[in-house]
Amino acid sequence: MRISIENFTKSFGDTTVIEDMSLEIGDGEMLALLGPSGCGKSTTLFAICGIHRMNAGRLMFGDTDVTEVSSQKRNVGVVFQNYALYPHMNVYENIAFPLKVRKESKAEVDRKVQEIAGLVHIGELLQRRPMQLSGGQQQRVALARALIRKPDILLLDEPLANLDAKLRLEMRSEIRRIQLATGITAVLVTHDQVEAMSMCDRIALMDKGQIVQLSTPKDMYENPSSDFVAGFLGNPPIAFLDGTVADGEFRLANSQVTLPVPSGIEIPGEGAPMRFGVRPEFFQPGNPLKVPGKVSFVETQGREELYDVMLENGAVLRSIQSQNAGFRLGQEVSWGIEQDRVLAFGPDGNRL
Amino acid sequence: MTSSNFRSWPLYLILTVISMPLVIMYVYLFVDTVTDTTAGSLIPDRFTLHHWRFLWEEPETGRVSIWTVTLNTFIFATCTTLINVSASVTAGYALSRLNLPFKRFFLGGILTLHAFPTITLIISIFLILQMIGLYNTLIGVILVKAALELPLGIWIMKGFFDNVPWEIEMAGLQDGASRFTVWWKLVLPQVQPGVAALSVFVFLSAWSEFILPQVLAPSGSAQVLSTYLSNLIFDDMKPDFNMFKSVGVFYALPVIIIYLIFNKQLMNIYGGGTKG
C-alpha cells in the first residue's frame with residue numbers, strides 16, 4: 001500500500017524533531033530511513049505506526065487518511081529493535097496473539113501460524129519460549145508476528161542492531177526475501193548505510209529532521225546531493241579535500257597543488273572555497289591525475305587493503321586496493337585520482 | 001562450606017549457643033501445648049490434649065467458637081489482600097505509565113502516607129467508622145486495613161511496572177489489542193512475581209494485625225484470632241496459660257506454612273522490587 005506523508009511536523013515539548021517533512025513511499029517498495037542518531041528517523045517510523053501523534057501534517061495509506069486513526073486500526077506490522085516478544089508466551093502464542101485479539105477461530109489461527117512459521121523458517125521452534133531462542137530466531141519470530149495478520153505496511157526499527165555480524169548478514173537477505181515474497185510495503189529504520197543500501201529499493205537520508213536526499217542506493221552513492229550524503233554512504237568512507245578556486249582550477253588549501261575541476265560543473269567565482277570528494281576506489285596507482293603523498297595508515301581487510309595517504313598539506317586521501325599491492329607505512333607514493341569521478345561541493349556543502 | 005582454610009564448626013558452635021534461648025522458647029511453646037507439668041518442676045511429665053480442647057468443645061457462654069474466629073480472620077486477610085492488590089496493580093500501572101496530571105504530587109503523597117504512623121489516625125478512623133455504621137463490623141476493618149497498606153502496595157507495583165519494557169506495550173497496541181487487553185494480557189504477566197509477593201505480604205500483615213481489629217471491631221461476631229487471643233488472658237478469671245499457648249500455636253501455624261511456601265516470592269519485595 002502506498003504511504004504518503006505530507007508536511008509532517010513533530011515536536012516533543014519545546015524541541016521540534018521534525019519540521020514540515022513530506023515523503024511518498026510506493027506500493028510494494030522497501031524504503032530505508034537512514035541517518036545518524038537523533039535525526040528523527042525513528043520518530044517518523046513511530047508516526048507512521050501511530051505510536052506518536054503528528055503535531056501537524058497528514059498521513060495517507062493508499063487513499064485513506066489515517067492521521068487520526070489509532071495504532072490498533074492502522075493495520076501496520078512493526079518489528080522493534082529489541083523484538084518486544086512477549087516473554088510469558090511461547091513462540092506459537094506470540095505469533096498467534098494478533099489473531100487472538102481479533103477473535104479468529106482456533107483452526108484459522110493454527111493454519112495461519114503454521115503458514116507464516118514456514119515462511120520465516122521457525123516451524124520447529126513453536127513450543128519454545130523467547131528466552132530460549134537466539135537473537136536471529138527471535139528476530140524471525142518478531143517478523144512472523146508482525147506479518148501474520150497480513151498488514152498493509154511493515155515497519156522495521158533497527159531490526160539488525162542487536163545481532164552479531166554474521167547473523168546480520170544472514171538476516172539482511174532474509175528480511176529482503178520475506179519482503180519480496182509477501183510484496184508488502186516496508187519501511188526500514190537504520191543508521192547503518194550498508195543495511196540501507198543492500199536491503200532497500202530507495203533510501204531517504206535524514207539529517208536534523210529533514211530528508212536530505214531521497215534516491216535509489218546506487219544513485220545516492222554516485223550522485224550525492226551534498227557532502228553530508230557523500231560522507232554518510234560508502235565504506236570505507238569518502239575522503240574530502242578542502243581548497244579554493246584558482247584560475248578555473250581547484251587549488252588545495254595551504255599548497256600550490258592544483259587539480260582540474262571535473263567537466264560539466266559550474267565553477268564558483270575566483271577564490272571561492274570548494275571541496276573535492278574522492279572515493280577510495282577512484283584513488284589508485286594507475287590513474288593519470290597524480291597526487292604525491294606518503295602512506296600514513298595501512299589496514300588489511302583480507303581481500304583488500306586500505307591505505308591512507310597524507311598529502312603534503314596534511315589532507316588525507318583514502319585508497320582501497322586488491323591485496324598484495326605491497327605498499328608499506330611511510331612509503332612515498334604518487335597515485336592518481338580518476339578525474340570524472342571526483343565529486344565537487346560548493347561552500348555550502350551542496351554538490352556543484 | 002568445604003573450603004580448606006576455613007573451619008566452620010567454631011562458627012556453628014557460637015551460633016548454636018546464641019540461638020539456644022530462642023530455640024528453647026519455641027520448643028517449650030510446642031511441648032507445653034500437649035503436656036502438663038507438676039507445679040515447681042521444669043520437666044513436663046504427662047501427655048494431654050486437654051489444652052487443645054477449644055478446637056472441639058462447645059465455647060463457653062459469651063464466647064465465640066474458635067472456628068468462627070478463624071473464618072473471620074481468613075475473610076479479613078483474604079478480602080484485604082484482594083482489595084489491596086487490585087487497587088495496587090491498577091494504581092501502580094497508572095503512576096508508572098500513564099500521563100497523569102500531578103503525577104509527582106501523587107508519588108510524593110504515597111511516600112508520605114507510607115511513612116505516616118497508622119496509630120495516629122486511629123481515633124479519627126474510629127469516629128468515621130462509627131458515624132457511617134461500620135464500627136464493630138468486619139467490613140469496616142477490612143476497608144481500613146486495605147487502605148493503610150495501599151501506599152506500600154502501590155509503590156512496590158509501580159517499581160515492578162517500571163521495569164516492563166515499553167516496546168512490549170507498543171507491540172501489543174500494534175497487534176491490535178486495546179489498552180486494557182495490553183495491560184491485562186501482556187503487562188500483568190510480566191509483574192506476576194510482584195503480584196504474588198505483594199499478595200503474600202499483605203495477607204500475612206492482615207493475618208497478624210492486632211491494633212485495628214482490637215480498636216475497631218473488639219467484640220462479638222467480628223473478632224479475629226489476634227483479638228480472640230488477647231481476650232483469652234484478659235477476660236478469664238482462671239488463666240490457662242497452656243491453652244493460651246495452644247491458641248498461639250494454632251494462630252501462628254498458617255503464617256509459618258505461608259512463609260515456608262512463599263519465602264522466595266517475599267524476597268522479591270524485600271529486595272526492593274526492582275527485578276521484574
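Since the structure is predicted, the reported quantities are computational estimates derived from the model, not experimental observations.

## Concerning the overall build of chain A
Within chain A one finds eight helices and 20 strands. Evaluated residue by residue, chain A yields a buried proportion of 52% over its 352 residues. Here chain A has roughly 15,500 Å² of accessible surface; of this, 48% comes from carbon and sulfur atoms. Of the side chains in chain A, 37 bear a positive and 44 a negative charge, and the two mean positions are spaced by 9 Å.

## So, the overall build of chain B
Across its full length, chain B holds 11 helices and two strands. Since a compact globule built from 276 residues should have a radius of gyration of about 19 Å, the 24 Å found for chain B marks it as more spread out than a globular shape. In terms of overall dimensions, chain B has C-alpha extents of about 75 × 70 × 35 Å along its principal axes. Counting every position in chain B, which comprises 276 residues, the buried fraction comes to 39%.

## Notes on the packing of helix α2 (residues 91-101) of chain A against helix α4 (residues 135-147) of chain A
Residue and element names in this part refer to chain A. Running from N to C, α2 and α4 cross one another at 25 degrees; their axes reach a closest spacing of 7 Å. Here α4 runs roughly parallel to α2, going by the angle between their axes. Judged by the twist between their axes, the crossing of α2 over α4 is right-handed. Of the residues in α4, those touching α2 at V91, N94, I95 and P98 are V141, A144 and R145.

## Remarks on the packing of aromatic side chains
According to the stated counting rule, one finds 23 aromatic pairs over all chains in the structure shown. Look at F250 of chain A and F276 of chain A: their rings are 4.0 Å apart centre to centre, the planes differ by 10 degrees, and that puts the pair in the stacked class. Placement of F250 of chain A in strand β12 (residues 249-252) and of F276 of chain A in strand β14 (residues 273-278) is noted, with a sequence separation of 26 residues between them. Note on accessibility: F250 of chain A and F276 of chain A belong to one class, buried. Considering the side-chain rings of Y93 of chain B and F161 of chain B, the 5.4 Å spacing of their centres and the 75 degrees angle between planes classify their relative orientation as edge-to-face.

## Observations regarding the interface of chain A and chain B
With 20 residues of chain A at the contact, the number on the chain B side is 16 residues. Together, Q72, Y86 and H88 of chain A form the three largest contributors to the area buried by chain A at its contact with chain B, with a combined 31%. Along the contact surface separating chain A from chain B lie one salt bridge. For the salt bridge of D175 of chain B with R145 of chain A, the shortest nitrogen-to-oxygen distance reads 3.5 Å. Taken together, chain A and chain B are joined by seven residue pairs in polar contact (both at pLDDT 80 or more). Elements represented by at least two residues in the side of chain A that touches chain B include exactly α1 (41-49), β6 (76-79) and α2 of chain A.

## Looking at helix α2 (residues 66-97) of chain B
In a regular helix each residue adds 1.5 Å, so 32 residues correspond to 46 Å; α2 of chain B covers 46 Å between its end C-alpha atoms and thus fits that length. N-cap assignment for α2 of chain B: the residue whose side-chain oxygen lies 3.1 Å from the backbone N of W67 of chain B is S65 of chain B.

## As for the pairing of β12 of chain A
Residues and elements named next belong to chain A. Side chains F250 and L252 project from β12 onto a buried face, and the interleaved E249 and R251 project onto a face without burial. Examined bridge by bridge, strand β11 (residues 239-246) and β12 share four bridges and lie antiparallel to one another. Across the sheet, residue A246 finds its bridge partner in β12, namely E249. Hairpin connection between β11 and β12: a loop of two residues separates the two successive antiparallel strands, and D247 in this loop has a positive phi of roughly 55 degrees.

## A look at the domain arrangement of chain B
All names here are of chain B. Split into domains, chain B comes out as domain 1 (9-48) and domain 2 (64-270). Each of domain 1 and domain 2 has a C-alpha centre, and these two points are 34 Å apart. With six residues of domain 1 at the contact, the number on the domain 2 side is four residues. Together domain 1 and domain 2 conceal approximately 480 Å² of surface at their shared face, both sides included; 65% is due to carbon and sulfur atoms.

## Remarks on the environment of M20 of chain B
If you trace the backbone, M20 of chain B turns up in helix α1 (residues 9-33). Along the backbone, M20 of chain B and W183 of chain B are 163 residues apart, and their C-alpha atoms lie at a distance of 50 Å.

## Remarks on the sheet that holds strand β19 (residues 332-337) of chain A
Residue and element names in this part refer to chain A. Spatial strand order, β15-β19-β16-β17-β18: five strands in an open sheet with antiparallel pairing. Unpaired on one side and paired on the other, β15 (283-284) and β18 (316-322) mark the two borders of the sheet. In the sheet, strand β17 (residues 304-311) pairs with β18 via seven bridges, with the strands oriented antiparallel. Paired with V309 across the strands is L317, a residue of β18.

About the thresholds
Residues numbered from 1 in each chain as written. Chains lettered and ligands numbered in written order. Predicted model: local features only at pLDDT ≥ 70, side-chain atom pairs only at ≥ 80, totals over all residues. Heavy atoms only, no water. Helix = DSSP H or I, 4+ residues; strand = E, 2+ residues; numbered from the N terminus. Buried < 20%, exposed > 50% of the residue type's maximum accessible area, 1.4 Å probe, protein only. Areas by Shrake-Rupley, 256 points an atom, 1.4 Å probe, with all protein chains shown as cover. Lys, Arg positive; Asp, Glu negative; His and termini not counted. Charge placed at Lys NZ, Arg CZ, Asp CG, Glu CD. Rg over C-alpha atoms; globule rule 2.2 N^0.38 Å. Axes fitted to C-alpha atoms, helices over the stretch in contact; angles between N-to-C directions. Parallel < 35°, antiparallel > 145°, perpendicular 65-115°, else oblique. Left-handed = near helix turned anticlockwise from the far one by under 90°. Contact = heavy atoms within 4.5 Å. Phe/Tyr/Trp six-rings, centres within 6.5 Å; stacked < 30°, edge-to-face > 60°. Buried area = accessible area lost by both parts, 1.4 Å probe. Salt bridge = Lys/Arg side-chain N within 4 Å of Asp/Glu carboxyl O. Polar contact = N/O pair within 3.5 Å; in protein donor to acceptor, adjacent residues only side chain to side chain. Expected span 1.5 Å × (residues − 1). Pairing = 2+ DSSP bridges. Domains from an automatic or database assignment.

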